[in-house]
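Results of the structural survey
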Amino acid sequence: MDRLHTTPTDGDAALLDAAPVPLIHVAADGALLRVNTAARELLGNAAEAGIRLDSLCAGEPDTLCPPGLATGAVAEVQLLPLGPLRIATRARSRRLADGGWMLALEPAREPDRGDLSRVTAANSAVLDVTDRLGPSWRADDLARRFELATRTAGIGYWLLDAGAERATWSPELRALFALPPEAPVPTLAEWLAQFVHPDDREAVRHAFAQWVRGDDESLAQPMRILRADGTLRHIVTHSRKESGAGTEGLFGVIIDLTQRREAELALRSAAESAALVARGIGLGTWSLDLQTDEARWDDQMWALRGHAPQPRAMTQQERRACLHPDDRESFGRILAEAIVKGTPVEQEFRVVWPDGSVHWLASRSLELRDEITGQRRRIGVNWDVTGSRNAEAARQAGEIARRESQAKSKFLARMSHELRTPLNAVLGFSQLLVADERGDDPAAMMRRRRLQHIRMAGQHLLNLINDVLDLSSLEGGEMRIALEPVALAPLVAETLPLLAPLRERHRVRLRTGALDVAVMADATRLRQVLINLLSNAIKYNREGGDVLLEARLEGTQVCLRVSDTGPGLSPAQLPHLFEPFNRLGRGSSEAIEGTGIGLAIVKALVEHMGGKVQARSTEGVGSVFEICLTAAKAVQARPAAAAVAEPITVPAPLAAPGTALRRLLYIEDNPVNAMIIAELLARRSDVALQVAVDGASGLAKAGATPPDLVLLDMQLPDMDGFEVLRRLRAEPATAAIPCIALSANAMPEDIKRALQAGMAAYWTKPLDFKAFLAALDTFLARTP
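Let us look at the structure shown here. (Residues numbered from 1 in each chain as written. Predicted model: local features only at pLDDT ≥ 70, side-chain atom pairs only at ≥ 80, totals over all residues. Heavy atoms only, no water.)

1. Side note on the overall build of the chain
Where we set the bar: Think of it this way: any DSSP run of H or I at least four residues long counts as a helix, any run of E at least two long counts as a strand, and we number them from the N terminus. Whether two residues are in contact is decided by their heavy atoms, any of which lying within 4.5 Å being enough. Note on areas: these come from Shrake-Rupley sampling with a 1.4 Å probe, and a residue is covered only by the protein chains present in the view.
Scanning the chain from N- to C-terminus turns up 23 helices and 27 strands. For the chain, the share of sequence-separated contacts (at least 6 apart) that also reach a separation of at least 24 residues comes to 58%. Taken as a whole, the chain presents about 41600 Å² of accessible surface, with 55% of it coming from carbon and sulfur.

Put into structure tokens, the structure is as follows:
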């Protein structure tokens, strides 16, 4: 039909008859001009020249010969019943130059023998040619199906007859290479040069040459091509040799793999990204076929159990062996229940690595079911949660420690209060009795010595309480250390006078060397460290011995050294030097007082200030204690702050007491404490004392006759000291009266809270009468 695109001539009759395809030449007016043999065999003798097309077509002839179709154009395939058998037939029509048509009939099915037998009975000229035409129809049908399949799938094909230079390309193949319709099909050499990617060209040339010369009938060759428009595509060509039955040549199909390649690359990239993320975050993946019990593991699953990766999954026995003994039963039970129910499951468990270390793993899995086959499998992930588990354990431990510390602090505060209250009576009355015992006779002197022993024992007990509170605060983190530049020379100058009575009693010389450096420290706590070290150096010395205090700068550190000429320590004693309550066998000596906590406090304080302390000693020669702190730039000398937990030692009063009667109100529910203050102030003619036994009566007395100063116990039966202070400040008549907390609560947080609330000072019990009276004079002198 492709050759008969013009008006057929008489010379074409033989060609029409020889064509295996049923062809009909139709005039412009619808008359059949020629019908070839294949068409007559299909339609019967009725399809003869001279009849009209509408006698054959059960439908409208215009559907086969549509008006307006350009010359040479092919009409769309139509499905119509044609001929006396009314066989469902496809027809392709081409418009000829003379206005006529050439129809190519394509039967949609084979006619059955019954149909042909009826036609034969009616018209003896029609022959039953089903056996002869069946294979032809089947071949044509297969060809049509191939054409349709390649067109639908976008697959191009080519054919190269033996001896031909150029192949025949299908329209799909031209489209694949973006080859214009008018462009000639390239030769093999031109195709290699123009279209095959340069990096693939040599491999493709070699593969085709080997195939053509070799014995293999087929060749599958992937490659990249550059289309005529310059775009890159990935293709594969399936080529085949054909020989025999008078036909020889090559043919093949070319499939565009670009989209599949891009999808594969995207999928691979996604898989690689997922694997990279999984490896990066330590995620192990696994799957379990529930029909075959076949498990698959990735490498990370092995690594999470401390093993080198293997290309298989652990067996059930190996997995169980890795589990912590305490988790084996629960882990297996939970997973088995999830498998039976088909539900997701999350759990955490411990595994024991080959090195004995224990690691926590988290597991999450779910079931997948194939809706068609019903097959079930479970997929899951494992990851290490040891860090979070340890952090949670640490948090819980920290919370427990915090609660224990709070409980300990409350206990110590309560213990301190309960011990200080009777000590206030012991020390207070012993001081009053010593002051009242003025006789010089042996009996009076004996009584004074006994009272002094009572006072010293009470003071020792008070020192022990203070040291225990300090050590507890340091260990629990309650003690606040404020680092600032501290000049050593003025700090030492303020500290040495406090040690004068001890030095004179033990007859020890105290010398100082170079101290012109500054350190980063808390001035109050550094002075406490110096007092402890120097006190020990004096107490544990020989009579007439020496103590040397000096400092030197070593790089970024300042080393402060205390040396003594005492009996020294043995190598066995040195490791126990900083243990609390360990006096290294000297606790039984009555001549050397102490609690055995001082050096433990020194070590804790220095370390809290970012330094270190060390000691060395030689028996019979002496000992050296050295503390190293961070050096600071030189600072202007200034007095070191006093410890807030102790009564403040103040300078001389600003105005001489006794010039006017001063009113003092003491709100205290403990009658012994009130008696001590009353007897102490009874010796002062310039002070009038009032005592209130609770907060309400104290407020009433303050409102009726405003005092010059209020001493306030912080624990009263009806309200605490803070409420009393708040109510005093709320009334104009009492708002400006200074209030001093006088309490047995000596914890740093208690003192800080009271001062922040507006207390003028905080004095702890038991009272040092000398310091108490000096501070009292100062406050009274400052009031109008």
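Having seen the model, we can carry on.
2. A few points about the sheet that holds strand S12 (residues 295-297)
Keep this limit in mind: Following DSSP output, two strands are said to pair if at least two bridges run between them. Note on geometry: axes are lines fitted to C-alpha atoms, helical ones only across the stretch in contact, with angles between N-to-C directions running from 0 to 180 degrees.
Overall, antiparallel pairing links the five strands, which are arranged S12-S11-S15-S14-S13 in an open sheet. Each edge of the open sheet is held by one strand with a lone partner, namely S12 and strand S13 (345-352). Put simply, the sheet's adjacent strands are angled 25 degrees from each other on average, direction ignored. Two strands pair when backbone bridges link them, and strand S11 (residues 284-289) and S12 are joined in this way by three bridges, in the antiparallel orientation. The residue of S12 that forms the bridge with tryptophan 286 is tryptophan 297. Relative to S13, helix H12 (residues 328-341) is tilted by about 150 degrees, and along the sheet it contacts S11, S13, strand S14 (358-369) and strand S15 (376-384).

3. Some details on helix H17 (residues 523-539)
For the record, the criterion: What a helix is expected to span follows from its residue count: subtract one and scale by 1.5 Å. Under the scheme applied here, a residue whose accessible area is under 20% of the maximum for its type counts as buried, over 50% as exposed, and between as partly exposed, the area being computed with a 1.4 Å probe on protein chains only. Here a polar contact means two N or O atoms within 3.5 Å. Within protein one must be a hydrogen donor candidate and the other an acceptor candidate, and residues neighboring in sequence count only if both atoms are side-chain atoms.
Taking 1.5 Å per residue as the helical rise, H17 with its 17 residues ought to reach 24 Å, and the 24 Å between its terminal C-alpha atoms agrees with that figure. Among the 17 residues that make up H17, 16 are buried, leaving the element largely enclosed by the rest of the structure. Its side-chain oxygen at 3.1 Å from the backbone nitrogen of threonine 524, aspartate 522 defines the N-terminal cap of H17.

4. Brief notes about the pairing of strand S19 (residues 546-554)
One ladder, built from four bridges, connects strand S17 (residues 509-512) with S19; its direction is parallel. Looking at S19, one finds that threonine 512 is bridged to leucine 549. Pairing geometry for S19 and strand S20 (residues 557-564), over eight bridges, is antiparallel. The partner of valine 547 across the bridge, within S20, is aspartate 564. The turn joining S19 and S20, which pair antiparallel and follow one another in sequence, is formed by two residues; a positive phi near 65 degrees is taken by glycine 555.

5. Here's the deal with the environment of leucine 176
Turning to its location among the elements, leucine 176 is positioned in helix H6 (residues 171-176). Separated by 49 residues in the primary sequence, leucine 176 and isoleucine 225 have C-alpha atoms spaced 9.9 Å apart. Residues in contact with leucine 176, not counting those within four places in the same chain, are Arg227, Ile235, Ile254 and Asp256.

6. Here we look at helix H20 (residues 695-704)
Think of an α-helix as turning once every 3.6 residues; residues three or four places apart then point the same way. Rules: Read the arc as the range of directions from the helix axis to the C-beta atoms.
Looking at H20, one finds that the buried residues are Gly695, Gly698, Leu699 and Ala702. Taken end-on, H20 shows its buried residues confined to a sector of 100 degrees, consistent with a single buried face. A side-chain oxygen of the first residue of H20 lies 3.5 Å from the backbone nitrogen of alanine 696; this N-cap is aspartate 694.

7. Digging into unusual backbone geometry
Cis rather than trans, the peptide bond between lysine 765 and proline 766 has omega equal to -5 degrees. For proline 766, the position within the fold is in the loop between strand S27 (761-764) and helix H23 (769-782). The phi torsion at alanine 178 lies on the positive side, around 55 degrees, for a residue other than glycine. Structurally, alanine 178 can be placed in the loop between H6 and helix H7 (188-194). Among the residues examined, alanine 178 registers a relative accessible area of 22% and is labelled partly exposed. For arginine 507, which is not glycine, the phi torsion reads 55 degrees and is therefore positive. In this fold, arginine 507 is placed in the loop between helix H16 (500-506) and S17.

8. Observations concerning the packing of aromatic side chains
To be explicit about the condition: Any two rings among Phe, Tyr and Trp, with Trp reduced to its six-membered ring, count as a pair given centres within 6.5 Å; such a pair is stacked if its planes are under 30 degrees apart, edge-to-face if over 60, and tilted if neither. Placement of a charge over a ring requires the Lys NZ or Arg CZ to be within 6 Å of the ring centre, with the centre-to-atom vector within 35 degrees of the ring normal.
Under the defined criterion, the tally for this structure stands at nine aromatic pairs. Judged by centre distance (6.4 Å) and plane angle (65 degrees), the ring pair of phenylalanine 177 and tryptophan 191 falls under edge-to-face. Taken together, the residues span a long stretch of sequence, with phenylalanine 177 in the loop between H6 and H7 and tryptophan 191 in helix H7 at a distance of 14 residues. Judged on exposure class, the residue phenylalanine 177 and its partner tryptophan 191 are both buried. Seen from their ring centres, tryptophan 763 and phenylalanine 772 are 5.5 Å apart, and the 80 degrees between their planes marks the pair as edge-to-face. A residue is classified by how much of its surface remains accessible, and phenylalanine 772, at 2% relative accessible area, is buried. Here arginine 389 stacks its cationic end above the ring of tryptophan 360, 3.7 Å away from the centre of that ring.

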